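Tertiary structure, described
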Amino acid sequence: MSTIPDDLSYTKEHEWVAGIEDGLTVTVGITAYAAEQLGDVVFVEVHAEVGSTVAAGDTVGEVESTKSVSDIFAPVGGEVVEINPTVVDDPSLINSDPYGDGWLFRVRVEQEPDDLLSAAEYTALTSGES
């Protein structure tokens, strides 16, 4: 099992959110746990365009691995301000560096959901899954 950073927030859909405490722009990615479950990631697409507005829970893209295809959900609502072109060009970064260069997109937060999980809560969630 991979390390779960304490300074991030998490969703039940296995995404992480960095910078939520700043209240302005947050970075979103897929957790190492999800990357492990997916296997080798071979394709990443973020459908939401820079400048578009997303609501928390919206499907904003997809990740394809050697095992399956999974949707990417917006964990927060707001304006998409950046999409990571590096991870689109090299999807394996989700496996090798999910909390670093493997980030997916950034959102200027307008709506923060109340269901984000702490690292401890996310650890409890993932320890019950196989």
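Residues numbered from 1 in each chain as written. Predicted model: local features only at pLDDT ≥ 70, side-chain atom pairs only at ≥ 80, totals over all residues. Heavy atoms only, no water.

Below, the discussion takes up the sheet that holds strand 6 (residues 59–65). Pairing between the strands of a sheet is mediated by backbone hydrogen bonds and can be parallel or antiparallel. Across the sheet, 3 strands lie side by side as 4-6-7; this open sheet has antiparallel pairing. A strand with exactly one partner marks an edge of an open sheet, and here the two such strands are strand 4 (41–46) and strand 7 (69–73). Neighbour-to-neighbour, the strand axes of the sheet open up by a mean angle of 20°, direction not taken into account. Of the strand pairs in this sheet, strand 4 and strand 6 are connected by 5 bridges, and their pairing is antiparallel. (Pairing = 2+ DSSP bridges. Helix = DSSP H or I, 4+ residues; strand = E, 2+ residues; numbered from the N terminus. Axes fitted to C-alpha atoms, helices over the stretch in contact; angles between N-to-C directions.)

Here the focus is the packing of aromatic side chains. Here the structure, examined in full by the defined rule, presents 2 aromatic pairs. Seen from their ring centres, Tyr10 and Tyr122 are 4.8 Å apart, and the 15° between their planes marks the pair as stacked. Of this pair, Tyr10 sits in strand 1 (residues 9–10) while Tyr122 sits in helix 4 (residues 119–127); the two residues are 112 residues apart in sequence, bridging distant segments of the chain. By the burial criterion, Tyr10 is buried, and Tyr122 matches it. An angle of 50° between the planes, with centres 6.0 Å apart, marks the rings of Trp16 and Tyr99 as tilted. (Phe/Tyr/Trp six-rings, centres within 6.5 Å; stacked < 30°, edge-to-face > 60°. Buried < 20%, exposed > 50% of the residue type's maximum accessible area, 1.4 Å probe, protein only.)

Inspection of the entire model under this criterion finds 2 salt bridges. Residues Glu79 and Arg108 are paired through a salt bridge, measuring 2.8 Å at the closest nitrogen-oxygen approach. On the criterion of sequence distance, the pair formed by Glu79 in strand 8 (residues 77–83) and Arg108 in strand 9 (residues 105–111) is long-range, its members being 29 residues apart. The exposure class of Arg108 is partly exposed, given its relative accessible area of 40%. Notably, a salt bridge pairs Glu82 with Arg106, separated by 2.9 Å at the nearest N-O pair. With Glu82 in strand 8 and Arg106 in strand 9, the pair connects residues that are 24 residues apart, well separated along the chain. Glu82 sits in the partly exposed class, given a relative accessible area of 31%. On the accessibility criterion, Arg106 (25% relative accessible area) is partly exposed. (Salt bridge = Lys/Arg side-chain N within 4 Å of Asp/Glu carboxyl O.)

Our next topic: the sheet that holds strand 2 (residues 15–18). With antiparallel pairing, the 6 strands of this open sheet are ordered in space as 1-2-3-9-8-5. The sheet is open, and its two edges are formed by strand 1 and strand 5 (53–54), each paired on a single side. Two elements, strand 5 and strand 8, share 2 bridges in a ladder whose sense is antiparallel. Its bridge partner lying in strand 8, Thr53 is registered against Glu79.

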